[in-house]
Structure formats: structure tokens, C-alpha cells
Amino acid sequence: MKQTQKNSRMAALWRSSHMNGANAHYVEQLFERYLDAPDSIPEQWRHYFDTLVEDSKAHVPLSSVRERFRGQASLRQRIAAPSPAVTREQQVASHVRSWIDAWRRHGHRQAHLDPLALQVPEAVVELDPATHGLTAADLARELDTRALELPHHLPAHMTLTALQGWLAETYAGALAVEIPLDDPDARAWWLSRIEAPQRAASRAEQQALLERLTAADGFERYLAGRYPGAKRFGLEGCDALIPLVDALMHEAAGKLSHVMIGMAHRGRLNVLVNALGKPPAAVIDEFEGRAPHTGTSGDVKYHLGYRSTRQFPNGTLSCELVPNPSHLEIVTPVLQGAVRARQDQDGVQVLPIAMHGDAAFAGQGVVMECLQMSRTRAFGIGGTVHIVINNQIGFTTSRADDARSTRYCTDIAHMLQIPVLHVNADEPEAVLRAARLAFEWRQHSGQDVLIDLIGYRRRGHNEADEPSGTQPLMYAKIRQQSTAQQRYAERLVAQGRISAEQVKQLADDYREWLESSASASAPQASAFDVSALPALTPESLVALGERAFAVPADLSLQRQVERVYEDRQRMLTGEIPLNWGAAELLAYASVLAAGHPVRLIGQDSGRGTFSHRHAVLHDQQMDKAWVPLQHLSALQAPCVIHDSLLSEEAVLAFEYGYSTAAPQSLVLWEAQFGDFANGAQVVIDQFIAAGDAKWGQRCGLVLLLPHGYEGQGPEHSSARPERFLQLCAEENMFVCTPTTPAQMFHLLRRQLTLGVAKPLVVMQPKSLLRHRLAVSSLEALADGHFQTVLPDDQADASRVTRVVLSAGKVHYDLLAEHDAQAHEDTALVRVEQVYPFPVEEVAAELARYPALKTLVWCQEEPRNQGYWQGVRDALDEVVVLSGDRASVRYVGRPSAAAPATGSAHQHAEEQCALVEAAFKA
């Protein structure tokens, strides 16, 4: 019985794996080659056979291993061997099907994709007919292509040799496609396109391709001649990018209304002029330093964005290239966020085109994050067309095994079975076909597609570099290589499709157009109109709350959540005061009711990391969720609340992009813990803090960062406010620390009533979410406004000699000590907005105390962290404005490398000490 079960399991193994009987001959041949020359077979097979022969390390003769393997192969053949009645013709047909499938899977590995011919197509054993049991005699055998389910445009009968020629032409030419293999529908779609008869390019198409290549080449030559050695990060070697983008736009015109592009600096100036229509004179002004800044600082020319409208035969397209820093791939999620915002507004149809460098696409983790996001509810945009500008070099890393651990730089796309079209950049007609296939797939599937445009980099990383020092062989070849424009022009002349005189005329016409270009148009900044939110009364808030806190009768809630909503109903009656979660949801409800969309995204944003929000309610009996904020009224604005994937960098970048394109929306990103913003520091530094200064890119994004010292260790105490304050200048953003629910309510609403969009960073409390004193009344929400400073209303001003300024939760610790010890000489004043620091408001508060001698800044954070370094200069100004009567003192933890201790006991001692010190300073 046990032997029978063992044989059954063995049979299942051989049938379900690469070791099945149909492959036995192939596997045995591989093993023989492995024994003679291990490096001659594919790496994965070598690893397998290494495992098989590991017994040899125990001094088992290799001949014994060989016999064991042959015995296993014999067993596989007995299990899966065909019936004796099967004819040779039937065997051949079966082998041919396996061989054809191998071409569909592996043909790209023999494609001629490198214009420099430095990367020689590998010998692929899977494509050898003998590997599949086909003999030399079979090569002349007539095959029934209908029985093999091959395309009907092929002859009904073909020899194996003729079929091999067609397969090589189809799968290993200048365009090679890696298609989805696990999805039968996707596989069938791609096979129907790839194996369809290919229409030859018309004369008009060929001339248009040449014209676009001439423009790409002519632009680079013009700048090289006029500004030799100046950085421009030229496109030479991948010139086909211009006809590729042009083809995508032609396909989109008439079907979509917008094209949005995100890319790094390589080829950016060329794309701006030749794809988006930016006036060349504007680029010339930027080279010569005459162009006006788009923000207070401006940016280098190959980082700037641009907007235009282009007319195509089938329709008009609004085109936009989003601005970006040199941090390469980070622009991709920004682009995708802006696209999603456009789509959410009136259903605008947008084609997103994300361009990447080969080394960056393979090397930077944000790429994987974006791909993972692409099919989720919160971040899906119906597919992105990705283009890799593949120079076959990563700055100075020319060896592929130094730049990545995969065959192609695009292999990360395999995790989502994204189709990859590898195309030789010196074959314009193949590039044109790739563009059309990519667009058609994106429109058909609503999913991503990737074009790997394989070319080279004619010059160094920038035009001042000499690349032959690190890539001598590659650049020796490049110096001998004609440009794509020259090669294609020669081909068309030889074919009689165009004359040499016409080729020269195209180049002359483009040069003349460059030199006579009209003056530059002013760059467009993001629009932002001042909003007016309607005034609220306690009665209107109650009515709003009744809808925002309503739970359907048939929704089965978890008991703790049910109690949260029962308490919220009591808050509306005034029986208990409003806590943080209730006030926050009322703020969102008031914004939605006024016609402004709300989008709240974070890893735990539905309930809130500390379970204070519960904006998304989950039924305990069935798989359904209810979002009360989505059911306020038929006229309300859309409300989107999603828990995101565990990403900070890509998600925050996406929300930044979204907020720039949706200025009338309240867009919020909540970190699970405030310190998690560390993982998105590039987005904060390059975009949120400086986007307006560099590019005039306005953004009203809200960052909710839980912050507070509760003895939870160094990782989840500090949201690193010092880092934000280091980035604060020119009133570029707000950094606030609200300490009451009413303050949070008004702060969120204030975002939509500003004269200009600015990011808001909220040091959101943790313990205050349920603190008995951190509560507010309905009247405070209805009648008040956000106060940058909260005064001490209980202090006797005539007796105060010391004012303790603080920001955030530590105020309540100070308050407890103040009340316990009756420190009548001390007033506690809260700074609710740390940047821009409310100098005049604080000075006015200090002026109320005639006997003031000491001004204390008290914080929980270490001295080198938190707010102290960021507010120190402002405090000196406050003292001067208030009469220069007080000295400034610091109270808090001493400087430290980590944000907080990991010991709860030590934390309590430190907290007690700093609170006591505040009243003795």
C-alpha cells in the first residue's frame, strides 16, 4: 500500500513538473552536457543538477549518480510514455507544439535588440528542435498548420524549416515580446497580435518616422553646437523615443483627452520641444539664464514641467510633463497620483506615460511599490505605459551583473505578468509597432505595459563627462556607430522611398525652425481659488453629525466600535463633550457637504492607528464595509478613504501628485506612526517642501503624523518635527500641533480657505485622542477658528513671572503638575502652529504679564531634536517685541542620538524630571 502511494505521488510529480516524460529526452541531454561542461547549460538547470549530484561530495562515484538519474528518467518515460499505437506523425506534432510554445516563451532571448551588437543573442537550448525530440529528418516534414492551431494567414502546410524561419522572424526580430503566461485570455490576446500578418509601413509612415528622428537628432546637434560641454542629458542613442511618444499621442488622440508624462532628465529637453511643443526659444533662454523663475528659486532646465495643447488628425490632446528632481524614479508615483486626480474629476480620460532609465528601473525600490499599487482600489489608474530608455549602462556601471541580478532591467515587471516589449531603438518601424501594441493593450486591459527601448548613450552621463575611461570598448563601438536617423535615412533612400535631397531638406527645415522659433510662453502654475466654507452653527453640526455618525440597522458592528458610535450620538446631544475622532469626522463631513472632495489614505487610515477614527465600518457577519461619510446626502462631494499597502515613499508621492492636480480637494496622508515618514523623506524634501519654490507646483496636501512621548521606545515617539522645521522657509508649509478636537476641526477646514495651496504637517497626538481633558464642545466647533496660540485663561496675569511655552501633548503633563503644585507664578501657553511661528501672537500674550522674567520653551524631545532649534531665533524676536523683559530657557531631554529611550521606567523618570524643571527654570 505504501509503495503504491509513493508511486502515485511520484507520477503526479513527473506529470506536474518540468521533469515529465515529454521532456525526458531534453532533460537527459542537458544532464549529459552538465557532466561534460557544467557552464554550458542554463544556470537554473545547473543548480538543479548540482543538487542531484550532491552525493558525490560523500565520495559516491559519479557513475552511480548518472545511473540513478537515468533510472529516474526511465521511470518518467514509463509513467508518461505514449501508447505504442501512437504514430511518428503524431509524436512529431506533439513535439512541434512543445517547440512552438518554447519559441513563444523564450524567443526574445535570441532577438537582435542591441544596436551596438555588443550583447550577442544567447544560444537558447529550448529553441533547438532536437531538444524537443525533433530530428534532422523531421526538418523537411510537411506540417499541418491548421492542426497546430497556427494563424490562418500562414500556408496550410509548411516544412519545419519554414516554420522555424517564421517563428524567428516573429519572436526574435527587432521587436521581442514577453507576454503574460498565467492568464489565458491575456496570452491569447497577445498571440493574436504578435502572430498576425504584419503590415509594411507605408511611405507616409516611413517619412513621418524619418522626420521625427531628424527632429530628435537635429535638436541635440543644435544644442551641442551652440552650447558645447553644457549639461543637457541628451537623448542621442535613444532618438527613437521621440517617434515613440509621438506615436502614442497619435493613438490617444480622439480616444482620450489628456496625456501626462513623467520622466527623469535623460532626453527631457528633447521631449519638451519635440513631443510637447515647448518653444525652442524658451529652452535657449534657460541655457543663457534669461528665463524667469517659476518659483522663488527655480530649477535647472531639465527638471522643469510644461503644459501644452497639441492637435492631431484624430483630435486634440492636452499634454503635460510633470516637473521632477534628479531623484529619478520618484516622479512615477507623482505622475500617477496626478493622473488619478484628473480621472476622479469629471472622468477625464488620461494616458499616463512613465519614462525610466534602465539602471534606475531595476535598482530603485519605488518602482516595485508603484507596480504593486497599480491594481489596487486606491491607486489604480487604468494602466500606465512605461518606457525604459535603455542605455545599457548605469552611470558608470556597464556590466549587467553589476547593475542588476536579472537578465533584463525590466524583469521586476514579471511579478505582475506585465507585458514587456523589447525593441531595438535603431529600428524605427519596430518602435512604431511597439507603441501601437502598447497603447492597444492598455486600452483593452486597463493594465500596465512596458516598452524596453534598447539603445545606447552616445555621450557620457552628461556632456562634460568622458565615458571611455570606464567603458572603453562600448565607446569605441559608439564612435563608429551611425545615428538612428542616418541609418534609417540610408535604408529609405536605398528602397527608393525618399531621395537624398529630401533627407537633407528635412534636416535643413528643422534647423531653420529651431533658429526662427517664436519667443517662449510663460509657464503655467497650478491654479488655486480661495474657497469659502459655509458658516456652521451647533444646530447645523448636530444635523451633519446625525448623518456622519449614522449606522445602518442591518450592519453588525464589533462591540468596541459600536460603543464608539453610541458615544458619538451622545456627543451630539451634549451629554458628553466631543473627542478627537468625532471632531475630525465632523470636519470631513462639513467639507464634503460644502462640495469639496475628501481623500484620506494611509496604512491604517480607516480606523486610525490608535482606533480613534473608525471612518470605515466593517460588518462582523459578512464581507462588507460602510463609510458613513459617503452617505451624507445626494449632493455631497466624493469621499475616498482607503487603507494603503505598506509603502510610504510611493504612496506619499502619489498623494502629492494627486493634491497638485486637485486643489479643491482635501487630500490627506496619514502615517501609521509619525516616524514612518522617514521612509518618504525624498518626497518631503524634493516635492512637498520645495516644489513651489522650484517649479511653482502648488500643493495643499495634509500629512497626519502621530507624535508624542508615551514610553513606547525610540521608533514610535517622534515624527521628527526638527526635520520639517529645517525645511521650512519662505512660508512654504504649515507645521502644526493641535491640542484640542476643536483646533483639529478648524485646522483641517482652514486648508480649503487659504489664498494659496500649502502643505500642512500635523503632529497628530496619540494619548490625547482619548485624554479626558482633550475634549471640545459643539459650540467651540461652530463658533471658533484655528488659533495659532492658545493662551492660559486661568492664570492671574499680575502674579506670573514665568511663561512656559510648549507644543503638543506635553502641555497636559505640565498642566497636571501646575494644578497639583499650585504654581501661581507660571502661565502655560500653547503654540499650536510652530511654523510659520506666530511671533506677534506670542509677543502679545507675553505682554499680558507685567512681572514676566523668564520665558521657558519646554519640549519632550531631546534638545537636538523636536522644535527647539527651529524656534530659537523666533523666541528671541518674541522677547524683543514683548518689551525685552524675559530671558529664554530650554527645558527638555538632553541631546541624544535616538529620539527616545526604550525603557518605560526611564521614560517616566525623564518625563517627570523635565516637567518639574519647567517650573524651576
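Quick caveat: nothing in here was measured; it's all calculated off a predicted structure.

### Digging into the overall build of the chain
A count of helical and extended segments in the chain gives 32 helices and 24 strands. Viewed in the frame of its principal axes, the chain has a C-alpha envelope of about 110 × 90 × 60 Å. Considering the chain as a whole, with its 921 residues, one finds that 55% of them fall into the buried category. The contacts of the chain with a sequence gap of at least 6 include a subset with a gap of at least 24, amounting to 79%. Total accessible area on the chain is roughly 38100 Å²; 50% of this is exposed by carbon and sulfur atoms. Computed over 87 positive and 109 negative side-chain charges, the inter-centroid distance for the chain is 4 Å.

### Quick notes on the environment of Gln-859
Tracing the backbone shows Gln-859 in strand S23 (residues 854-862). Note on Gln-859: relative accessible area 2%, which makes it buried. Spatially, the C-alpha atom of Gln-859 lies 8.5 Å from that of Gly-808, the residues being 51 residues apart in sequence. At 2.9 Å, the side chain of Gln-859 forms a polar contact with the backbone nitrogen of Trp-868.

### Here we look at the environment of Ile-353
Tracing the sequence through the fold places Ile-353 in strand S7 (residues 350-357). Given the relative accessible area of 0%, Ile-353 is considered buried. Ile-353 sits 398 residues away from Gln-751 along the chain, and the two C-alpha atoms are 31 Å apart. Contact partners of Ile-353, with chain neighbours within four places excluded, come to Leu-248, Val-259, Met-260, Ile-261, Gly-262, Leu-335, Val-385 and Ile-387.

### Notes on the packing of helix H20 (residues 538-548) against helix H22 (residues 580-593)
At a minimum axis separation of 10 Å, H20 and H22 run at an interaxial angle of 100 degrees. As summarised for this structure, H20 and H22 are arranged roughly perpendicular, according to the angle between their axes. The segment H20 lies against H22, with Leu-541, Leu-544, Gly-545 and Ala-548 engaging Leu-586, Ala-589, Ser-590 and Ala-593. Here the contact of H20 with H22 is composed, by residue class, of 6 nonpolar, 2 polar and no charged.

### Here's the deal with the packing of aromatic side chains
This structure, assessed with the given rule, holds 14 aromatic pairs. Arranged with centres 4.9 Å apart and planes meeting at 80 degrees, the rings of Phe-379 and Phe-654 form a pair that is edge-to-face. Placement of the pair is Phe-379 in the loop between helix H14 (365-373) and strand S8 (385-390) and Phe-654 in helix H23 (residues 649-661), with a sequence separation of 275 residues. Taken together, a centroid distance of 5.2 Å and an interplanar angle of 55 degrees make the contact between Tyr-656 and Phe-687 tilted. Remark: Phe-687 occurs in helix H24 (residues 681-688) and Tyr-656 occurs in helix H23; sequence separation between them is 31 residues. The exposure class of Tyr-656 is buried, given its relative accessible area of 1%. Cluster of aromatic residues (ring-pair linked, three or more members): Trp-189, Trp-190 and Trp-441. The lysine or arginine in question, Arg-568, covers the ring of Tyr-565, its NZ or CZ lying 4.9 Å from the ring centre. Here the guanidinium or amino end of Arg-750 rests over the ring plane of Phe-734, the centre of that ring lying 4.4 Å away.

### Some points on the nonpolar core
Counting 102 residues, the largest nonpolar core has Val-96, Trp-190, Leu-241, Met-355 and Ile-387 as the members making the most contacts within it. If one sorts the elements of this core by residue count, helix H16 (residues 428-445) sits on top with 9 residues. Discounting residues that sit within four places of it in the chain, Ile-387 has contacts with Leu-241, Leu-244, Val-245, Leu-248, Ile-353, Ala-354, Met-355, His-356 and Ile-451. Membership of the second largest hydrophobic core comes to 83 residues, among which are Val-651, Leu-652, Cys-728 and Met-733.

### Regarding helix H27 (residues 741-750)
For an α-helix the count is 3.6 residues per turn, leaving residues at separations of three or four pointing the same way. Burial analysis of H27 places 10 of its 10 residues in the buried class, the great majority of the element. Those residues of H27 that sit buried are Pro-741, Ala-742, Gln-743, Met-744, Phe-745, His-746, Leu-747, Leu-748, Arg-749 and Arg-750.

### Re empty space enclosed by the protein
Inspection of the entire model under this criterion finds 8 cavities of 30 Å³ or more. One number sums up the size of the second largest cavity: a volume of about 120 Å³. Taken together, 15 residues form the lining of the second largest cavity, with His-707, Ala-807, Gly-808, Lys-809 and Tyr-867 sitting closest to its centre. Among the elements that make up the lining of the second largest cavity, the one with the highest residue count is S23 (4 residues). By residue class, the composition of the lining of the second largest cavity is 8 nonpolar, 4 polar and 3 charged.

### Brief notes about the layout of surface pockets
In this structure, the largest pocket occupies an estimated 1200 Å³ of space. Every residue lining the largest pocket is counted, 44 residues in all, and those nearest its centre are Gln-119, Glu-122, Ala-400, Arg-404 and Arg-407. Sorting the residues of the lining of the largest pocket by element identifies helix H3 (43-52), helix H13 (358-363), helix H15 (400-403) and strand S10 (449-454) as the ones contributing at least two each. Taken together, the residues of the lining of the largest pocket break down into 20 nonpolar, 12 polar and 12 charged.

### Some details on helix H12 (residues 331-344)
Along its 14 residues, H12 runs 20 Å from first to last C-alpha, staying within 8% of the 20 Å computed at 1.5 Å per residue. With 13 of 14 residues buried, H12 lies mostly within the body of the structure. Of the residues one or two after H12, Asp-346 is the one with positive phi, at around 60 degrees.

Calculation rules
- Residues numbered from 1 in each chain as written.
- Predicted model: local features only at pLDDT ≥ 70, side-chain atom pairs only at ≥ 80, totals over all residues.
- Heavy atoms only, no water.
- Helix = DSSP H or I, 4+ residues; strand = E, 2+ residues; numbered from the N terminus.
- Buried < 20%, exposed > 50% of the residue type's maximum accessible area, 1.4 Å probe, protein only.
- Contact = heavy atoms within 4.5 Å.
- Areas by Shrake-Rupley, 256 points an atom, 1.4 Å probe, with all protein chains shown as cover.
- Lys, Arg positive; Asp, Glu negative; His and termini not counted.
- Charge placed at Lys NZ, Arg CZ, Asp CG, Glu CD.
- Polar contact = N/O pair within 3.5 Å; in protein donor to acceptor, adjacent residues only side chain to side chain.
- Axes fitted to C-alpha atoms, helices over the stretch in contact; angles between N-to-C directions.
- Parallel < 35°, antiparallel > 145°, perpendicular 65-115°, else oblique.
- Nonpolar A, V, L, I, M, F, W, Y, C, P; charged D, E, K, R; others polar.
- Phe/Tyr/Trp six-rings, centres within 6.5 Å; stacked < 30°, edge-to-face > 60°.
- Lys NZ or Arg CZ within 6 Å of the ring centre and 35° of its normal.
- Core = buried A, V, L, I, M, F, W, Y, C linked by side-chain atoms within 4.5 Å.
- 1 Å grid on protein atoms, 1.4 Å probe; cavity = no way out; pocket = protein on both sides within 12 Å on 5 of 7 lines; lining within 4 Å.
- Points joined across faces, edges and corners; volume = space filled by probe spheres on them.
- Expected span 1.5 Å × (residues − 1).

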